[in-house]
Structures are given as structure tokens and as C-alpha cells.
Amino acid sequence: MKKLMTFTLAAAGAALLSGCAGMNTTASGGSDNPFATESFQSVLKNDFVSKGQATVARLKQTPHQYECSKYAYLGQPMPADLQKKLEQMAADKVVYPKDGQYLGDWKAGLKIAENGKGMQWSDKPGSPNGGNCLACHKMIANDPSQGNIGPELYHYAKLRGNSEAVLKYTWARIYDSQAFNACSYMPPFGAHQILTEQEMKDVMALLMDPNSPVNK
Ligand code: HEC
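Position numbers for residues count from 1 along each chain, tracking the sequence in the order it is written. In keeping with the model being predicted, local features are shown solely for residues with a pLDDT of at least 70 and side-chain atom pairs are shown and tallied solely at 80 or more, while totals for entire chains, interfaces and linings include all residues. Side-chain measures here rest on the full set of heavy atoms in the structure, leaving out hydrogens and waters.

## So, the packing of aromatic side chains
Consideration 1: Two aromatic rings from Phe, Tyr or Trp, using only the six-membered ring of Trp, form a pair when their centres are within 6.5 Å; if the ring planes differ by under 30 degrees the pair is stacked, by over 60 it is edge-to-face, and anything between is tilted. Applying the stated criterion across every chain yields a total of 2 aromatic pairs.
Consideration 2: Ring centres 5.0 Å apart and planes at 70 degrees place the aromatic pair Tyr169 and Phe180 in the edge-to-face group. With Tyr169 in helix H8 (residues 164-175) and Phe180 in the loop between H8 and helix H9 (197-208), this pair connects stretches of sequence that are 11 residues apart.
Consideration 3: Burial classification: accessible surface area is computed with a 1.4 Å probe over protein chains only, and a residue below 20% of its type maximum counts as buried, one above 50% as exposed, and the rest as partly exposed. The exposure class of Tyr169 is partly exposed, given its relative accessible area of 31%.
Consideration 4: Classification of Phe180 as partly exposed rests on a relative accessible area of 33%.
Consideration 5: The rule for a charge over a ring is simple: NZ of Lys or CZ of Arg within 6 Å of the ring centre, and within 35 degrees of the ring normal. The ring of Trp121 carries Lys51 above its face, with NZ or CZ at 3.9 Å from the centroid. By the criteria applied, helices consist of DSSP H or I runs no shorter than four residues and strands consist of E runs no shorter than two, each listed in order from the N terminus.

## Things to note about helix H4 (residues 80-92)
Consideration 1: Here the expected span of a helix is defined as 1.5 Å times the quantity of residues minus one. The end-to-end C-alpha distance of H4, which contains 13 residues, comes to 18 Å, matching closely the 18 Å that a straight helix rising 1.5 Å per residue would cover.
Consideration 2: Of all the residues in H4, the buried ones are Leu82, Leu86, Glu87 and Ala90. Buried residues of H4 fall within an arc of 135 degrees about the axis and therefore sit on the same side. Pointing more than 90 degrees away from the buried face of H4 are the exposed residues Ala80, Asp81, Lys84, Lys85 and Asp92.
Consideration 3: Contacts: residue pairs with any heavy atoms within 4.5 Å of one another. Of the surrounding elements, those touching the buried residues of H4 are helix H3 (63-74). As used here, the arc is the angular range of directions from the helix axis to the C-beta atoms.

Encoded structure:
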């Protein structure tokens, strides 16, 4: 029993860290992906329950999560053509702003970047989600609580400018980072409807506006 618990926690931890909570039962194979085995599936089934809006349906892996878990488990690099295919799949689904305007209000964007709440069982369904950007990125000066899982974004527009190409790239990054890195750890804010189009524009303004603390 103790052994099972240890395995369960370790596996769940690994799944969360790599953004791979669960697996796809219909995926082919199985022996080369620990998440695809029947025993792992039964652990998931027994140990996780739906609560509020956090339902066990979230344990179903996307094709990206499935392939990334598999190659991480095998300790092998993903074949380049598969990686390219997964990135193209994500890139094809990016929805750019309907009105062609990429930028909203940086002050609203800062609140979103600082907010790590949302989509949990204890959150009211439909209430706005945070982006939690600061948990992974250094974006502003003099705040020691920022994380370093992602690259530093401080002085983002100051360093890159605000050309159409930079705007488009940044939007797609936030919409679904897997369009550039099939196994990205960054949450796909647009693709998984974590942020609305307006909230993404506000976060874009935080990165791009010369008056935002990111560029000060
Ligand atoms: C769980 C960690 C995590 C969170 C939360 C996160 N990111 Fe990221 N982000 C990353 C990682 C890791 C990368 C590096 C590239 C990759 O994984 O492909 C990245 C890359 C980026 C890039 C591209 C940087 C470059 O040098 O081109 C941008 C822009 C970005 N993130 C913006 C954001 C914004 C805005 C938010 C909040 C709405 C956010 N990120 C939330 C982890 C995160």
C-alpha cells in the first residue's frame, strides 16, 4: 500500500511538472508510455475524483502531452519530424485578434500576470482566470518573488521593438507556446481558453507598452 502511494505521488508530481496530467486511453501503444498502461490508468481512476469544475476529463492527454511524456520516459529526443508536426498542429490553430488590434490595457495585464488563481474546483466557474506569468518569468524590476522556469521577459519590447512580426510572434506564444516548442511548459492560454482575447491583449500590452513596468 505504501509503495503504491509513493508511486502515485511521484507519478502525479511528474505529470504536473511536465504539464502532462493523465493520458489518452485511446492512444495506440502503451508499453513505451507509462501513462498509457492499464495499471497507471487504474491508479488515476482510483485516486482522482471530479470536484466542481475540476473534472477528471482533464486527465486526458493531448497528443502533445502524450508524445512529450513518451519520449521523456524513454529518455530519447523526439524525432525531428514528429516535433515539427506537433508544432505545426498548434500553429495552425492560433486565432489572431479579430480586429487586428493586439494591445489592450497594460494595467489590467499586470493584474492578470500576477494572478495565479483560476480553473480550480474552489473557483467560481466563469470567473476570470489569472495568467500567473510572474510565477515563471521575471517581468518587472525589484520583485524577488518572480520565477525562472521561463526566460526573463523584463524589457521585452525595449529589446525587440514592436514590429508586426514581434506582435504576431508574441501573440502566438501566449496563445499556444507549443507552436514553437512541442513540449513547452508554458500553459496554452488561448488554445485552452484560460485567458479571453481581451485578457490576452492586456497581457500583450504589459509586454509591449513603453509605459508598462516591463519596459521601464
Ligand atoms: C509554467 C510556467 C510558465 C507560465 C505560467 C508562463 N510561461 Fe511564458 N514561457 C515559459 C517557458 C518555459 C518559456 C520558454 C520557451 C518554451 O517553453 O518554449 C516561455 C516563453 C515565453 C515567451 C517567449 C519568450 C521569448 O524569448 O521569445 C513569452 C513572450 C512568454 N513566455 C510570455 C508569457 C506570458 C505573457 C505569460 C502569462 C500570461 C506566461 N508566459 C506564463 C513558461 C511559462
